[in-house]
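Coordinate inspection notes
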Amino acid sequence: MLHKDLNLRINAVVIYRRLNKVLWMKNTFLWSRVRLAALPLALLLSACATTDNAARLADSGRCDVALEVSLSAQQAKQCRQAAQQGDAQAQYRLGMAHVQGELRQANLADAAKWFGLASEQGYALAKVRLAEMYFIGQGVVQDDDKGLVLLHEAAELENPEALFVLAELYRLGEYVEQDPDRGMQYLQASARYAWDPARALYGAFLIDGRYVEQDIPSGIHLVKLAAANQDPRGLYFLGLAYYEGKGVLRDDTLARESLQQSAEQGYLAAHIMLIEFAIFGIGSEASAEQAMALLEQAVESGHEKAIALMDKVVQQGGEQPSLAQLRLSYYLFQAEHDSNRAKANLAILYADREGEFYDLAKARAFLAEVDASGDPLLLARLYFLAKRIAGVNEANVFYQALAAMESAEAYYVRGMIEEEDKKYAEAIKLYRKAAYQEHPLACRALGEYYFYGIGVDKSLYRAEGWFKLAAKQGDLTSQLYLAKIYETLNFPSFFPLDDAYAWLSIAADNGLAKAQSYRIEFEKKHALSDAVKQSAKSKAKRWQQEMTKQ
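Criteria and thresholds
Residues numbered from 1 in each chain as written. Predicted model: local features only at pLDDT ≥ 70, side-chain atom pairs only at ≥ 80, totals over all residues. Heavy atoms only, no water. Helix = DSSP H or I, 4+ residues; strand = E, 2+ residues; numbered from the N terminus. Buried < 20%, exposed > 50% of the residue type's maximum accessible area, 1.4 Å probe, protein only. Contact = heavy atoms within 4.5 Å. Areas by Shrake-Rupley, 256 points an atom, 1.4 Å probe, with all protein chains shown as cover. pLDDT = per-residue confidence, 0-100. Core = buried A, V, L, I, M, F, W, Y, C linked by side-chain atoms within 4.5 Å. Phe/Tyr/Trp six-rings, centres within 6.5 Å; stacked < 30°, edge-to-face > 60°. Expected span 1.5 Å × (residues − 1).

Observations concerning the overall build of the protein chain
Along the backbone of the protein chain there are 29 helices and zero strands. Within the protein chain, the proportion of its 550 residues that are buried is 51%. Taking the contacts inside the protein chain whose residues are at least 6 apart along the sequence as the reference set, 53% of them involve residues at least 24 apart. For the protein chain, the computed accessible surface area is about 25,900 Å², with 48% contributed by carbon and sulfur atoms.

Below you can see the structure in the form of structure tokens.
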């Protein structure tokens, strides 16, 4: 049946999260004024070190023992002798031994001394470590200017970590005059030297089109490279990409897996996303118990957002809240941080006459607070809500805001509104405007109109054309429709059976339940030969690759 329920259509749309609102800022890296000795080990390793090299160095008898291998008493003695003789690498390694507490206890003043000696000899990593100490004021008197000088010196030596940190400082305007363009130059240079945090962040900016011209395929490539090396930021941004369907086929399961791997490394932004997934059943069944367990872990880690969210949860539902109470708490918390979408969700939640939180006054209050300008999906939801609880005149305010927009998404949601009012001719006009801008759900809607003969003469051939446009953009439901059309028409020269099976397999393999059950029936009905299956497999692989490149 043609979907007429607004929520069915809106839930089918990938609502892109803005990467610029991602929980990634200065508290992710060293510059959060944490104790130097508590820094993650990964940030203390040379960008050039490899596992094989580390093992070789550990057995070498010289003072080049890898950082993940604690110094023995003999090695410490060798390091000190080499450092006193002016060996820069030994000086750096001895400084790290003091930082990591390998020599009985951490001695940051001695660490700074050895870093300083190595730095004077042009040892880039020592400059970076000493810069951190000057910024933080541990082991040395705090001096931001000296820290900046050392970072710039290390960057001139092409140290990727220094380039990355400078990129963030210039982007955010920390310790320097804000200069995002210069920051992007440093970030791009760091990424070129295969520094995974830089690959991840620069990739995210390319995906989002923030600071740089949008280039989703290149951004996904960089994020995947970082994620392949288990960089927590790369895994986080890859999880977001799968969740939003940006540059990859939307896959909540893969999104959850990537976020889980990121969270396991202590990346709190990923942890918070997993809480949201558990509350709303994304990638797995919704679970209040799991959401609370994740939230408690984040609170124990001292995450400010998690602590504030926990306070809201306890206020609304006590220590063992229901899923409904968790969702309400989450929306209330987001609304306090000026999330228009959360305010809209609260208005809808309070307007639900059958829900446990029904409160028309609160619904109207939150509706009045929402600034939905520029967000067609939100405007559409508010249009229907206002029409139901406030009246046509109030609803028309939102429709007029939509009518002033010329984006594909705006045309699409206006088509939904006209469809809801059974004005199919007007809906088709609007869907066409959106489809001409390659909006996948508008293409699917037109396919459904021709498939079922709603407002137009029924035509499987025209339906096939629109469904194919949507299917090639990754719309799973359109892929299922194509399989049914090809099977129904059964013209081998134009619509071969392996095409039907290929589209059906793509939809089924990407989690569409209806496609999975239909594929079982399809295989029983047609007794496909090995040749047909192999042809379908090859086509499916090729089409999926083409989809991810778009």
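Some remarks on the confidence of the model for the protein chain
Looking at the protein chain, pLDDT values average 82 and 85% of them are 70 or higher. For the protein chain, per-element mean pLDDT is lowest for helix H1 (residues 6–12), which scores 30, and highest for helix H9 (residues 180–192), which scores 96. pLDDT under 50 marks residues 1–61. Its contacts with residues more than four places away, or in other chains, come to 140 contacts.

Observations regarding the nonpolar core
Among the nonpolar cores identified, the biggest contains 88 residues, and Phe115, Leu151, Leu187, Tyr236, Phe237, Ile275 and Leu295 are the most heavily contacted of them. The biggest single contributor to this core is helix H14 (residues 268–280), with nine residues. Once residues lying within four places of it in the same chain are set aside, the contact partners of Phe115 are Tyr92, Gly95, Met96, Val99, Ala126, Arg129, Leu130 and Met133.

Here's the deal with the packing of aromatic side chains
Applying the stated criterion across every chain yields a total of 25 aromatic pairs. Measuring from ring centre to ring centre gives 5.1 Å for Phe451 and Tyr452, while their planes differ by 80 degrees; the resulting arrangement is edge-to-face. A ring pair is formed by Tyr501 and Phe522, whose centres lie 5.9 Å apart and whose planes are at 25 degrees; its orientation type is stacked. Taken as a pair, Tyr501 in helix H27 (residues 497–509) and Phe522 in helix H28 (residues 513–526) lie far apart in primary sequence, 21 residues in all. When sorted by exposure, Tyr501 lands in the same class as Phe522, which is buried.

Here we look at helix H22 (residues 408–420)
For H22, spanning 13 residues, the distance from its first C-alpha to its last is 19 Å, which sits close to the expected 18 Å at 1.5 Å a residue. Counting buried positions along H22 gives eleven out of 13 residues, so the element sits mostly inside the fold. Turning to H22, its buried residues number three or more, namely Ala408, Ala410, Tyr411, Tyr412, Val413, Arg414, Gly415, Met416, Ile417, Glu418 and Glu419. Just past H22, the residue Lys422 takes up positive phi, approximately 60 degrees.

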